[in-house]
Amino acid sequence: MSKTNLSDYIDAGAAKIPADLVITGGTLINVITGEYYKADVAIYDERIVAVEKDVTDYVGPHTKKIDATGKYLAPGLIDCHIHVECSKLSMTRFAQAILPHGTTSIVSGLDEYISVIGIDGLKEIFKEIDNLPFNVIWGLPYKTPYTIPRSTISYDVTAKDHAKIQRDPRCFGVWETVRESVETKDPDTMKVLELAEQNHQPIFGCSPMARGKALNQYLMSGVSVDHESYSHEEFLEKARKGIHTVIRESAVTKFLNENIKSITENVAGVARHTSFCSDDVNATNILSVGHIDHMVRLAIKDGVSPMTAIQMATINAAEAYHIDDRLGSIAPGKRADILLVDHPGTFNVETVISQGCLVYADQQEQFDFKVPDRSPQLTSTVHRQSLVASDFQYKTDHADGAALVETINSIGPFVRKRRDVELPVENGIIKPDANQDVALVSVVERYGINGNVSHGFISGWSFKKGAIATTAAPDDNNMVVAGVNYEDMALAANKLIEQGGGQIVVVDGHVVANLPLPIAGICSDLPVQELAKQEKALQEGAREIGSKLPDPIFYLSFLPITAIPDLAITDGGNVDYTQLKYFNPVLN
C-alpha cells in the first residue's frame, strides 16, 4: 500500500472521502464475536472503511448502494488448500466458476504450473490473477518434485529459490511440506524449514495417516497447518497437538462427514481451529454442488452451528494462514469481500462482492471475465516424439509361460494397495488380462529431458478394451497412459502429444472423447459449463471401456502421487510408498 493510498484510506475511514459503495439494511454475521446484528457497511477502493448501524455520513453523490434488507452479510469464503490447476480451468475460468459460490480467496502453491513452466513462468499466471477480483494466497512449494524417489519435471524448486522468494510480498508461506521429506531429513527441505523459521513464514503441511511418534516427529519441523486426515481420530489427535486442522472435501475424496465427528461427537472446541479446503475439484463438481459454500452446508447438516460453520470457512482460515489482517471478517481495514446470503442456516449465496467489486448478483455475472492472450511458453509444453504400440509392452527375458506380478490396486482415489496376479507371457511380453481385471499403465516423460517411459500393472479398473491418457497428472504432470490395447494406448498418447496435452479415451482405434488442455498441458480456457460437458464425455468414454470407478480420469491423474498409500508409478518406475523406493512389479 502506498503512502498516498494509506492517507486516503484513513480519510475514508473518517468519512472525509465518500465511499464507493455502501450496503444497507442487512444483518451482519460477525465471525469475530459470533454475533448477528443489523449493520451497514461502507467500502472505499477495495477496502471496508465502516461497519455501523448507519453509514449515511459515508455516502456521497456518486456512492453506489446495495439494499440488503432481509439478507445476511458474510465474509468471503476461503479455500485453505487447493491445486487449482487440477480443476483443468485456467485462473480466469476458475475464478469465474467459484466466485458465484462465495469463494473469494484460495490458498495455493500453483505447484502444478511450476512443474511445467517453472517459477519464472508464474509471472504470466500472476499477471492474469492481478486482473481478477479474486485473492490467491500463494505459498512457495517446499520443493518440487514432491515425489520420492524424484520424478522428472521441468523445474525443481530448491532452498535457493526459498532464500530469494520467501520475503517476496507475494509469498505467504511454505506450501505442501510432505511428512516423508521431514522423516528422511532431506537436506534441502531442512534448509527450507530453517529459512521459514528465520523469515517467520508459516509452514503448510501434508501428513496423511500420521499418528503418534510419526506425528510428533513431523510437528517438530514447525508445520502449523495440515489438510490430510483420513479419520476423525487422526484429525482430533492433530488438533490436540496444536496443528490447525483442515477438513478436505474434494471432487473424489470426501472426508467432511468423517472428520467433522471430531467436533460433533468429541470436542466442540476443535472447531475454533478448523477450516475447509477442496484440494482438488473439477468443473462438474462445482456446477453440481458448489464449492466452499457446499462444505458450510454439509457441516451444518452434520450438526455444526451455522455460525461455527461460517467461522470455519472465513476467520479460522484467515488466522491459520496469518492473513486475518486483511481477510476473513467484515471489519474496517479488511478487504471488501462480502457475501449476501439468504440465511446462515441454509447459506445460499445470492450476491458476491470481491475486492470491493460487485461480481455476482441476481444470478448474473456483474464482472467481465476476459481470457488473456497466452504465450508460447505456456502453450507449447509437450516435447515428445511419437510413440508406437510396442513402446507400451512390458517386456521380459522369458519367451513364454506365466509371470507373477504386483499390481497397483485402486480401492479408492487415495488408497492403493498391492494385489498379486499371475499373467500370461507370450513372445517375451507380459500381457494384460481383462478377465483378471489387470491393465497396463505407463508414465511417459513429456518435457524432452530424458525420454523416460515406465511400465506397470493396475487393477481395480475393470478395463475390457481401449485406453485412457492424461497429461494433467500431479505431482509432475507427465503423461499417464493406461489400457489393455497397445495400439489404443499409442494412439491416445500421440494425440495428446500432437495437441499439446489433454485427456483422452480411445476405443478400437477411435477417439471417443478428447479434452485438449493447451495451457501447460494441464488447463483450458473453456467456460466451466463447456468443460463440464467434456468431462462427462470422458466419463462416458471410460464407461465404454468398462471402468466402474467413480472418476477414472481423476484416478489416473493421481497414480504418480507417491505420497498416496501404498503404491504409485512415476516416469522413474513403480514406487512403494511404505519403503520410499522403486520396486520391480515382476515378482517371479
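Quick caveat: nothing in here was measured; it's all calculated off a predicted structure.

### Some points on the overall build of the protein chain
Looking only at helices and strands, one finds 18 helices and 32 strands in the protein chain. Taken over C-alpha atoms, the radius of gyration comes to 25 Å for the protein chain, in line with the 25 Å a tight globule of 588 residues would show. Judged by the C-alpha coordinates and their principal axes, the protein chain covers about 90 × 50 × 45 Å. Looking at the protein chain as a whole, 62% of its 588 residues are labelled buried. Relative to all contacts within the protein chain whose residues are 6 or more apart in sequence, the contacts with residues 24 or more apart total 68%. Summing over all exposed atoms, the protein chain offers an accessible surface of approximately 21900 Å²; the carbon and sulfur share of this is 48%.

### Quick notes on the environment of Leu556
Mapped onto the elements, Leu556 comes out in helix H18 (residues 552-558). Overall, Leu556 belongs to the buried group, its relative accessible area being 0%. Each C-alpha atom, one on Leu556 and one on Val441, is 9.2 Å from the other, the two residues being 115 residues apart in sequence. Contacts of Leu556, omitting those with residues within four sequence positions, involve Trp461, Ile468, Ala469, Thr470, Val480 and Ala482.

### Remarks on unusual backbone geometry
In this chain, Ile148 is followed by Pro149 through a cis amide linkage whose omega measures -5°. Along the chain, the position of Pro149 falls in the loop between strand E10 (135-141) and helix H4 (159-165). Cis geometry marks the peptide bond from Pro565 to Asp566, where omega comes out at 0°. Looking at the element boundaries, Asp566 is found in the loop between H18 and strand E30 (567-570). The phi dihedral of Glu46 is positive, around 75°, even though this residue is not glycine. On the accessibility criterion, Glu46 (38% relative accessible area) is partly exposed. You will see that Leu580, though not glycine, has its phi angle at about 55°, which is positive.

### Looking at the sheet that holds strand E3 (residues 35-38)
An order of E3-E2-E7-E16-E17-E18-E19 is seen for the seven strands of this open sheet, with the pairing classed as mixed. Two strands lie at the open edges of the sheet, namely E3 and strand E19 (364-365), each paired on one side alone. Where strand E17 (residues 349-354) meets strand E18 (residues 357-361), three bridges bridge the pair, whose relative direction is antiparallel. Residue pairing for E18: Ile353 is matched across the bridge by Leu358.

### A look at the UniProt feature "domain: Amidohydrolase-related" (unreviewed entry) in the protein chain
On the UniProt side, "domain: Amidohydrolase-related" (unreviewed entry) is annotated at positions that read residues 72-357 here. In residues 72-357, helix accounts for 38% and strand for 20%; the two terminal C-alpha atoms are 18 Å from one another.

### Points about the sheet that holds strand E15 (residues 274-277)
With parallel pairing, the eight strands of this open sheet are ordered in space as E8-E9-E10-E11-E12-E13-E14-E15. Both outer strands of the open sheet, strand E8 (77-79) and E15, are each paired with one neighbouring strand and no more. On average, each strand axis in the sheet is inclined to that of its neighbour by 30°, with strand direction left out of account. Direction of pairing for strand E12 (residues 203-206) relative to strand E13 (residues 223-226): parallel, over a ladder of three bridges. Within the sheet, the bridge partner assigned to Phe204 lies in E13 and is Val225. With respect to the sheet, helix H13 (residues 306-313) is in contact with E8, strand E14 (244-248) and E15, its orientation differing from that of E15 by roughly 65°.

### Points about helix H2 (residues 91-98)
In an α-helix, one full turn covers 3.6 residues, which means residues spaced three or four apart are oriented alike. Within H2, eight of the eight residues are buried, leaving the element largely enclosed by the surrounding structure. Taken together, the buried positions of H2 are occupied by Met91, Thr92, Arg93, Phe94, Ala95, Gln96, Ala97 and Ile98. Buried residues in H2 make contact with strand E9 (103-108), helix H3 (111-130), E10, helix H11 (283-289), E19 and helix H17 (528-544).

### Digging into the side chain of Thr103
Tracing the sequence through the fold places Thr103 in strand E9. Judged by its relative accessible area of 0%, Thr103 falls in the buried class. A polar side-chain atom of Thr103 sits 2.8 Å from a polar atom in the side chain of His291.

### Looking at the packing of helix H12 (residues 292-301) against H13
At their nearest, the axes of H12 and H13 sit 9 Å apart, and the two run at 150° to each other. Every pair of crossing elements has a handedness; the one defined by H12 and H13 is right-handed. On H13, the residues touching Ile292, Val296, Ala299 and Ile300 of H12 are Pro306, Ala309, Ile310 and Ala313. Residues that form the contact of H12 with H13 fall into these classes: eight nonpolar, no polar and no charged.

Rules behind the numbers
- Residues numbered from 1 in each chain as written.
- Predicted model: local features only at pLDDT ≥ 70, side-chain atom pairs only at ≥ 80, totals over all residues.
- Heavy atoms only, no water.
- Helix = DSSP H or I, 4+ residues; strand = E, 2+ residues; numbered from the N terminus.
- Rg over C-alpha atoms; globule rule 2.2 N^0.38 Å.
- Buried < 20%, exposed > 50% of the residue type's maximum accessible area, 1.4 Å probe, protein only.
- Contact = heavy atoms within 4.5 Å.
- Areas by Shrake-Rupley, 256 points an atom, 1.4 Å probe, with all protein chains shown as cover.
- Pairing = 2+ DSSP bridges.
- UniProt positions renumbered as here; feature names shortened; annotations may be inferred.
- Axes fitted to C-alpha atoms, helices over the stretch in contact; angles between N-to-C directions.
- Polar contact = N/O pair within 3.5 Å; in protein donor to acceptor, adjacent residues only side chain to side chain.
- Left-handed = near helix turned anticlockwise from the far one by under 90°.
- Nonpolar A, V, L, I, M, F, W, Y, C, P; charged D, E, K, R; others polar.

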